[in-house]
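Now for the letters of each chain:
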Amino acid sequence: MGKTNSKSIIPSSKPCGSALCLHACFLWKRTFLFLIGGSGGNPGAEEVEIETTCYICTILVSDRLCFRSWLAGMLSVLLGLVPSASSNISTSRPNILLLMADDLGIGDIGCYGNTTMRTPNIDRLAEDGVKLTQHISAASLCTPSRAAFLTGRYPVRSGMVSSIGYRVLQWTGASGGLPTNETTFAKILKEKGYATGLIGKWHLGLNCESASDHCHHPLHHGFDHFYGMPFSLMGDCAHWELSEKRVNLEQKLNFLFQVLASVALTLVAGKLTHLIPVSWTPVIWSALWAVLLLAGSYFVGALIVHADCLLMRNHTITEQPMRFQKTTPLILQEVASFLKRNKHGPFLLFVSFLHVHIPLITMKNFLGKSLHGLYGDNVEEMDWMVGQILDTLDMEGLTNSTLIYFTSDHGGSLENQLGHTQYGGWNGIYKGGKGMGGWEGGIRVPGIFRWPGVLPAGQVIGEPTSLMDVFPTVVQLAGGEVPQDRVIDGQDLLPLLLGTAQHSDHEFLMHYCEGFLHAARWHQRDKGTTWKVHFVTPVFQPEGAGACYGRKVCPCFGEKVLHHDPPLLFDLSRDPSETHVLTPASEPVFSQVMERVQRAVREHQRTLSPVPLQLDRLGNIWRPWLQPCCGPFPLCWCLREDGPQ
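Residues numbered from 1 in each chain as written. Predicted model: local features only at pLDDT ≥ 70, side-chain atom pairs only at ≥ 80, totals over all residues. Heavy atoms only, no water.

Asks: What is the right way to read the nonpolar core from this model?
Replies: Side chains that are nonpolar tend, in soluble globular proteins, to be buried together. With 61 residues, the main nonpolar core has Leu99, Leu104, Leu349 and Phe406 as its most contacted residues. Considering each element in turn, this core owes the most residues, eight residues, to helix H13 (residues 373–395). Apart from residues lying up to four places away in sequence, Phe406 is in contact with Leu99, Ala101, Leu104, Ile109, Ile122, Leu125, Met382, Val386, Pro446, Gly447 and Ile448. Grouped together as the second largest cluster of nonpolar side chains are 50 residues, Leu178, Leu198, Met312 and Val445 included. (Core = buried A, V, L, I, M, F, W, Y, C linked by side-chain atoms within 4.5 Å. Buried < 20%, exposed > 50% of the residue type's maximum accessible area, 1.4 Å probe, protein only. Helix = DSSP H or I, 4+ residues; strand = E, 2+ residues; numbered from the N terminus. Contact = heavy atoms within 4.5 Å.)

Asks: Any chance you could explain H13 here in plain terms?
Replies: Under the 1.5 Å per step criterion, the end-to-end length of H13 is 33 Å for 23 residues, consistent within 8% with the ideal 33 Å. Backbone geometry just after H13 places Gly397 at a positive phi near 70°. (Expected span 1.5 Å × (residues − 1).)

Asks: Please explain the pattern of salt bridges as it appears in this structure.
Replies: One pass over the structure, following the stated rule, counts 23 salt bridges. Of the charged contacts in the structure, one is a salt bridge between Glu182 and Arg153, with a shortest N-O distance of 3.0 Å. Placement of Glu182 in the loop between helix H8 (155–158) and helix H9 (185–191) and of Arg153 in the loop between helix H7 (142–151) and H8 is noted, with a sequence separation of 29 residues between them. You can call Arg153 buried: its relative accessible area is 8%. Residue Glu440 pairs with Lys532 through a salt bridge whose shortest N-O separation is 2.8 Å. With a gap of 92 residues between them, Glu440 in helix H14 (residues 440–443) and Lys532 in strand E16 (residues 529–538) connect regions that are remote in the sequence. Assessed through its relative accessible area of 0%, Glu440 is described here as buried. (Salt bridge = Lys/Arg side-chain N within 4 Å of Asp/Glu carboxyl O.)

Asks: For this particular structure, what's the right way to read helix H17 (residues 590–605)?
Replies: In an α-helix, one turn spans 3.6 residues; hence positions three or four apart end up facing the same way. Here H17 spans 23 Å end to end across 16 residues, near enough to the 22 Å set by a 1.5 Å rise per residue. Listing the buried residues of H17 in full gives Phe590, Val593, Met594, Arg596, Val597, Ala600, Val601 and His604. Looking straight down H17, one finds that the buried residues subtend no more than 170° of arc, so they occupy a single side. Opposite its buried face, H17 presents the exposed residues Ser591 and Glu595, each directed more than 90 degrees away. Taken together, the buried residues of H17 touch H8, strand E14 (508–513), strand E15 (516–524), E16 and strand E17 (561–571). (Arc of directions from axis to C-beta.)

Given below as structure tokens:
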């Protein structure tokens, strides 16, 4: 794609004289090209003439004159092309393809600086589109980050956080999940006539009161079609030593078994020696419970595999448990099928990859091929999947009419380590990783947009942006309206992506760990500075390390966090690695920055309302009656669809 978009419309040396004029001319260009069937590729004579007109209009005439010029031009175009206007009206809105990796570090991709990991397809998206270098997740773990992405709101607003350390949904059979009164961008786009689909990971809840009410299901939140995991891929799905809950449950059950076995043996000995006057009833019951606990510790791993590691098509379980070597081909097959069914558009497809979360399920032809072990193999396989999806778009003639977005839900995991082998991502120059609410490594993620013929190729933007910004951006592109009955924290990215705005609309971004505010950033636009203030940081283990090794993730509260008074201050513009703490002695405006950020935090907190916390204990424990099962519980085993060969 030629670089003839916003950069050629307005030279960088001259500021835009009229934002209204530029938006009108952009709309003129897009409508004209759609009506004449323009490809959106290299500009023809008509496009060059339009862009020249836009430039002259922008710098020489007033808003009113420009609008009249646009209106006259539009009328002439429409009058000249009336027969085809109605047949092409559906193409005036882009198809939208959202690609989200799971646990991918920003430093794992070639276009973000990695020189030893092969990611040519993701790199090609950046070369042909816009790359965001300060793209921030609203949370450093899966469930709250994805809730914020879909709703455009900090997860603390929807209650998709915890106050007791349950950072994500723990079970498919738990009652917590994305509340039914939350509005996702999928719901709005569906109302605007889009076909909406989600393929891959959900991890935002399933049922509320019964195993079939599906109150938190993707189909209840605006998606027409769902195929994938209602929960999340995890190490326990493959009985890995890196375990999310199996090892902990086994240890607890074994401990309880030992206690009850000791009680039973003590009662038996006392009964036989006549030292303890007791009947045989408590002896029998304690022995029975001990046996049950021993059996539970033995079978809990299999229970987790069957309870959580399953595939669904809409409301129907298709595999329980999953056949992992078939999963990647099944996902790709489903994506291709959706694109072919809906190629006449418009459509919204959210491809939520299971990669690159442990246990790093990788097909045989990618094993041992990377320079970074199993993790690298999995990243390179995901990049290949991206390439397959792009090829499908090309084959179906959808490339130029589709806006593509690629990101990760949060930073890579540093604690996913066994011995000297790393099974988590690399976050580049940024400090910290997954689970750390404030440090950049946990929340700074890739952000790539491609829309041929509309967005400038090879553009790099360093302004602060957020995953929450996708909500208002796609809603407005689809012709919808951002809800006015609630606070939306995301901002429309289109002016920034087009180059019609120089700065992000985010002046402040808040960084939460569960429901606790750990940090905040201030984008001081007039100075070109981004300040970062840390109120709370985790204590790294062992001392001097860069993560909380020996734990799954760093904590958000308690003895293993530090509360800073005064807070830590960094200038991310000069120190993106957060290595040099600024003090009143080293930074002349230290007090002014602190005062302004703390005032912004107070203003933000006044916009929060109390809501039920979906991830606290009552909503986050396994309930057998909520467990999806394709047979009579607990015989949850089925294979209802044949996968690709």
